[in-house]
Structure formats: C-alpha cells, structure tokens
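Residues per chain are reported as follows:
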Amino acid sequence: RYLQEKELSQEDKDFIFSLPTEKGWVADGLHKYHGFWLSTKQMHGVLACQKHFQAVDSDIVLVTTVKSGTTWLKALMFALVKRAHYLDPQRHPLLTENPHVLVPCLEFDVYTDKQVLPDLSSLSRPRLISTHLPYVCLPDSVKHSGCKVVYAWRDPKDVFVSLWHFSNKLRPVGSGTMSLDEAFDKFCRGVNTSGPFWDHVLGFWKESLKRPESAFFIKYEEMKEEPALHLRRLAEFLGCPFSPEEETHGVVDGILRLCSFDNLSNLVVNKSGKLPAGIENSAFFRKGEVGDWMNNLTPEMVKKLDSITQEKLHGSGLKF
Ligand code: A3P
C-alpha cells in the first residue's frame, strides 16, 4: 500500500506545535489552524495531504462534520457506487469489512503520521474518499478538480451527545471520563475535532452555492426520515441512477437493508473488529437515532446550543 518513505519535516512538526493548542477530548491535543481545531494526528495528515494528494475529476469525496453519520454514508456510498462489482449479496465486502476501511479518511487513514506516502494509483475508480477537514484546509486539487463532494451534517445537539459518548469510549485507560459540562463548554467554543461545527457547515455551504452541480448536502435527520428518496437522489448526483430493472428488483431497499444500523452493528466485524488505528469498530455504532439529545442535555444546554445555531446560520439559507 505504501510507496516511498516520507518523513514529516521538523519544520512541519515545529509548525504544528507553534499553533494555539488546547487539551483535546481523547488523548491528542487540538491545534487551531485556519480558524478550526484539528487534532495532532489530523494535523500531520492535513499537512501531508495538502502537499501530496492529487484529486482527479472522477473522485467522490464524502465530507462530514464528526458524528454526523459518516459510517452510514460510507456504507451507502460504497454499496451504491460499487454495486456492479458485488452482485452476490452474500459476499458483499460490507459484511466483512468496516465501512471506514472501505472508504478511507484522507487525513486519518490515507495520509497518516506514519511517515510514508500512500500509493493511491491502485484504488478502483471512482475513488471513494472521506474527510472531516473544513473547506479552507482541503488540498487545492480537491477544490479545483471536478470531483464530487457529498456533505453530511446533523443536528449539533445530537452531534455533541454522540461525540461526548464516543470520546469517552476512546479515552486511554486511566485518564477517566470527560464530564458533560466540560465537553459542552468546549463544543460551544468550537474546540472539538474540525470544530467549530457551525463554521464547518457554513464553509462548505457557501462554496456549494458557487458550484451547486458538484456538491450534495444531506442531513442525518433527512436520511433517517426518507432514506429511499435520498439514496435515489444521491445515485442521480453521483451519476449512477437506478435503472428500471434495478427498481423492479428492489436494489434500493437491498442497499438500505445492507447498510442499516441493525444490520451493520450486528455483524461480527463490527462487534469485535478493530480499525488499523486501533479504534474498536463497535464504537461507531451507538443508538443511531434522531433526538437522543433529549435524554442527555439540560434545558439550559438545549437553549444555548439552539441559540448558537440560530445565530450562526442566520441568513445563510441553512436551517435546523
Ligand atoms: P449516535 O451516537 O447518536 O448513536 P459517525 O459515523 O459520523 O462517527 O457518526 C456516528 C453516529 O452515526 C452514531 O450516532 C452512530 O450510532 C450512528 N450510525 C452509525 N451507523 C449507522 C447506520 N448504519 N445508520 C444510522 N446511524 C448510524
């Protein structure tokens, strides 16, 4: 998978640690880069992919705010775009691989801090790649190529609750859990991976208005409410619409079933497997519901998050 050794320069390392830094949610610190908070591991990946990643027009890039249904969208997009290769539903790669392995993340999986450059030439086209990077940090080739961007986001109240649970699961043994109050304060200040959440959404939204044909916006809640409708829209956008024969044979429902929370979360690979980075696959499957914030947040917290959202998105045309 790796072609040549490439040491992250001392200059890059010095640069990362010259940035404003805060304690992160798991083990890494968070560094403020172009107005966004990126973890140390992510910073290594960002600097490397900005220098080396060459997007091509056929690439499909899934961009998400953290905990907004990335795992689900990865599974759906893989099943959708590669469906001609996997006609036997009993032998589908999603049954034995976690979606994060099938659709790698640019700054966490492809360009890592392992000091080697990846060989992407062998990936089958169209290449499916994901990222949590804010627009301003994307490699230039992604911004300027004709590649398609699928952007997924979610009610920030559920993003926050999901992120809090996820981060506490990932914290090293011995470092205890992070309190809801501490996490809430950080989230509201935008101090979380690829935060501030609202600026992330707005950055991509504004760019998508300039090039509507190359960006597809979807909210987790919309996908939950009408999955078949949005899967068909996604297929159109990605240039692989369902044929009348596929409609007759129930291919849309088949993909939705394969990628459903119940199906994926109960597979052996997702119950007991681990990603190469060491994260347990099961950490990506918690409840998979809309509105779990009601069980976790105080009325004051709800009021505060909603007012930040209203203020930030005001006038943008985006709503929650
Ligand atoms: P909850 O913590 O609210 O349950 P991400 O994949 O971006 O890290 O987001 C994780 C969230 O998506 C978690 O939300 C997780 O349970 C949910 N999720 C994972 N797989 C899903 C699926 N197949 N369908 C719906 N939601 C899913």
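Residues numbered from 1 in each chain as written. Predicted model: local features only at pLDDT ≥ 70, side-chain atom pairs only at ≥ 80, totals over all residues. Heavy atoms only, no water.

Chemist: How would you sum up the sheet that holds strand S2 (residues 21-23)? Please name residues and give values.
Modeler: Strand order in the open sheet formed by 3 strands is S2-S3-S4, and the pairing between neighbours is antiparallel. Both outer strands of the open sheet, S2 and strand S4 (36-39), are each paired with one neighbouring strand and no more. Each strand of the sheet is rotated relative to its neighbour by a mean of 35 degrees, with strand direction disregarded. Note that strand S3 (residues 29-33) and S4 share 4 bridges and pair antiparallel. Note on S4: the bridge partner recorded for Leu30 is Ser39. (Pairing = 2+ DSSP bridges. Helix = DSSP H or I, 4+ residues; strand = E, 2+ residues; numbered from the N terminus. Axes fitted to C-alpha atoms, helices over the stretch in contact; angles between N-to-C directions.)

Chemist: Summarise the pairing of strand S9 (residues 215-219); cite the residues concerned and give the values.
Modeler: Judged by how many residues are buried, S9 sits mostly within the fold: 4 of 5 residues are covered. With 5 bridges connecting them, strand S8 (residues 148-153) and S9 associate as parallel partners. In the sheet register, Trp153 faces S9, and the bridge partner there is Lys219. (Buried < 20%, exposed > 50% of the residue type's maximum accessible area, 1.4 Å probe, protein only.)

Chemist: Run through unusual backbone geometry, naming residues and quoting values.
Modeler: A cis amide bond, omega -5 degrees, links Arg125 with the succeeding residue Pro126. Inspection of the secondary structure puts Pro126 in the loop between strand S6 (116-118) and strand S7 (128-131). Here the amide bond leading from Gly195 into Pro196 is cis, since omega sits at 0 degrees, within 30 degrees of zero. Phi at His34 takes a positive value of approximately 50 degrees, unusual for a residue other than glycine. Of note, His34 is situated in the loop between S3 and S4. Its identity as a non-glycine residue notwithstanding, Ser194 has a phi of 65 degrees, on the positive side. Within the fold, Ser194 resides in the loop between helix H8 (180-188) and helix H9 (197-210). Exposure remark for Ser194: the relative accessible area of 3% places this residue in the buried category.

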